[in-house]
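Chain by chain, the residues run as shown.
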Amino acid sequence: MANMTHVLAVGAKASMSDLFQMYRHSGPLPWTLMSSWLNSSEAQLWLHRLENYVDWERPVVRIYGREHFVPRLTAFLAADGITYCYSGVQHCGEGWPVWFIPLLEKVNEVSAVNFNGCLLNLYRNGLDRMGWHADDEAELDPKSPIASLSVGATRDFCLKHRQQPLRELLCLRSGDLLIMHPECQQEWLHALPTRRRVAELRINLTFRCFIKGQGA
Ligand SMILES: O=C(O)CCC(=O)C(=O)O
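Predicted, not measured: the structure shown is a model, and the values here were computed from it. (Residues numbered from 1 in each chain as written. Predicted model: local features only at pLDDT ≥ 70, side-chain atom pairs only at ≥ 80, totals over all residues.)

S.K.: Explain the site of the ligand here, please?
M.R.: Contacts to the ligand come from Leu119, Asn121, Met130, Asp135, Ser148, Ser150, Phe157, Leu172, His190, Leu192, Asn204 and Thr206. Those elements that place two or more of their residues in the shell around the ligand are strand E7 (117-123), strand E9 (146-152), strand E13 (188-192) and strand E14 (202-208). Of the residues in the shell around the ligand, the class split is five nonpolar, six polar and one charged. (Near = placed C-beta within 6 Å. Helix = DSSP H or I, 4+ residues; strand = E, 2+ residues; numbered from the N terminus. Nonpolar A, V, L, I, M, F, W, Y, C, P; charged D, E, K, R; others polar.)

S.K.: What's the story with the environment of Ser41 in this structure? I'm lost.
M.R.: For Ser41, the location among the structural elements is in helix H2 (residues 40-53). Separated by 134 residues in sequence, Ser41 and Gly175 place their C-alpha atoms 9.3 Å apart.

S.K.: Sorry if this is basic, but what is going on with the nonpolar core here?
M.R.: One broad trend across soluble globular proteins is that nonpolar side chains are buried collectively. Membership of the largest hydrophobic core comes to 40 residues, with the highest contact counts inside it found for Trp46, Cys118, Ala147, Val151 and Phe207. If we ignore the near neighbours within four places in the chain, the residues touching Val151 are Ala43, Trp46, Leu47, Leu50, Ser174, Gly175 and Ile203. (Core = buried A, V, L, I, M, F, W, Y, C linked by C-beta atoms within 7 Å. Buried ≥ 20, exposed ≤ 12 C-beta atoms within 10 Å, placed from the backbone. Contact = placed C-beta atoms within 7 Å.)

S.K.: It is not clear to me how the sheet that holds strand E11 (residues 167-172) should be interpreted in this structure. Could you clarify?
M.R.: Backbone-to-backbone hydrogen bonds pair the strands of a sheet. The strands run either parallel or antiparallel. Ordered by their spatial adjacency, four strands build an open sheet running E8-E13-E10-E11, and the pairing between neighbours is antiparallel. Each edge of the open sheet carries a strand with a single partner, namely strand E8 (130-133) and E11. On average, each strand axis in the sheet is inclined to that of its neighbour by 15°, with strand direction left out of account. Relative to E13, strand E10 (residues 155-161) runs antiparallel, the two being bridged by four bridges. Note on E13: the bridge partner recorded for His161 is Trp188. (Pairing = 2+ DSSP bridges. Axes fitted to C-alpha atoms, helices over the stretch in contact; angles between N-to-C directions.)

S.K.: Can you help me understand H2 in this one?
M.R.: Helical geometry: 3.6 residues make up each α-helical turn, so side chains three or four residues apart lie on a common side. With 14 residues, H2 extends 20 Å from end C-alpha to end C-alpha; this agrees with the ideal 20 Å at 1.5 Å per step. Within H2, the full set of buried residues consists of Ala43, Trp46, Leu47 and Leu50. One side of H2 holds all its buried residues, which, seen down the axis, span an arc of 110°. Structural note: H2 exposes Ser41, His48, Asn52 and Tyr53 on the side pointing more than 90 degrees away from its buried face. Looking at the packing, one finds that the buried side of H2 touches helix H3 (101-111), E7, E9 and E14. (Expected span 1.5 Å × (residues − 1). Arc of directions from axis to C-beta.)

S.K.: Sorry if this is basic, but what is going on with the sheet that holds E7 here?
M.R.: Spatially, E1-E12-E9-E14-E7-E4 is the arrangement adopted by the six strands of the open sheet, whose pairing is antiparallel. A strand with exactly one partner marks an edge of an open sheet, and here the two such strands are strand E1 (31-34) and strand E4 (73-78). Within the sheet, the average angular offset between the axes of one strand and its neighbour, ignoring direction, is 15°. Contacts from H3 reach E9, strand E12 (177-180) and E14 within the one sheet, and its direction differs from that of E9 by about 130°.

S.K.: Would you take a moment to explain unusual backbone geometry for this structure?
M.R.: Trans peptide bonds make up the majority, and among non-glycine residues the majority have a negative phi. Of note in this structure, Ser36 is not a glycine but carries a positive phi near 50°. Phi is positive for Tyr64, close to 50°, though the residue is something other than glycine. In this structure Tyr64 comes out as exposed when scored by C-beta crowding, with 5 C-beta atoms within 10 Å.

S.K.: Any chance you could explain the confidence of the model for the chain here in plain terms?
M.R.: In low-pLDDT regions, the fine details of the predicted coordinates are not to be read closely. A residue-level look at the chain finds 87% of positions with pLDDT of 70 or above and a mean pLDDT of 90. Counted against residues more than four places away or in other chains, residues 1-12, with its pLDDT under 50, gives 16 contacts. (pLDDT = per-residue confidence, 0-100.)

S.K.: It is not clear to me how the pairing of E13 should be interpreted in this structure. Could you clarify?
M.R.: Within a regular beta strand, the side chains point alternately toward one face of the sheet and then the other, so they alternate between its two faces. The alternating pattern of E13 places Trp188, His190 and Leu192 on a buried face and Leu189 and Ala191 on a face that is not buried. Sheet analysis places E8 next to E13, joined by two bridges and oriented antiparallel. Among the inter-strand pairings, His133 is bridged to a residue of E13, identified as His190.

S.K.: How should I be thinking about the pairing of strand E5 (residues 83-86) in this particular structure?
M.R.: Alignment of E5 against strand E6 (residues 89-92), held across four bridges, turns out to be antiparallel. Along E6, the bridge assignment pairs Tyr84 with His91. Here E5 folds back onto E6 in antiparallel fashion, the turn holding two residues, of which Ser87 has a positive phi close to 50°.

S.K.: I would appreciate a short explanation of the environment of Gln163 in the present structure.
M.R.: Examined against the element boundaries, Gln163 turns out to sit in the loop between E10 and E11. Residues Gln163 and Trp188, spaced 25 residues apart in sequence, show a C-alpha to C-alpha distance of 8.3 Å.

Quick look at the structure:
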């Protein structure tokens, strides 16, 4: 069991950041954050390209019989023949767009992985969000890391351990690359919570390894 530090006095009111401090993991964590992996002009360039070249969709999900829009925009880019089911819809890769390949190759090189799919999420402002989940669907290779690139607004990214009372809070800035190692999906959940004060747009790309034929 990892060590935990209890920093709050009994009876004190805990803020969100106190709670994250209380339940911090002291050992090695199954992710690696590469801050400013893209410099600010590269990050700005990719933000502009992604916002304008991608066909963004707003999926609808059915919860307890009622239909709701997903609180963000999404897109899926992948090698030809890769399929992925998310928000209840089957998405098919149609081959990588030419303009995207320099970014894919740069991410592949630093991660030492040949990713064959990328899920993109566009958060229009701090009200757009993603709930607790792990990227552990059957279509994904569980032995491969997932590389998560953020451009645009800074947002908090929360992680909580599935079995232990451990929480971590990362602040993801434009150009940051977060490598989530396989144990991150097996042992932890992650979420991107609402942040009312954030007015700017953010785009996140998660580069993933799909098992061919699994999602068909
Ligand atoms: O936007 C983010 O940083 C989180 C994205 C995410 O959790 C996912 O694509 O599974």
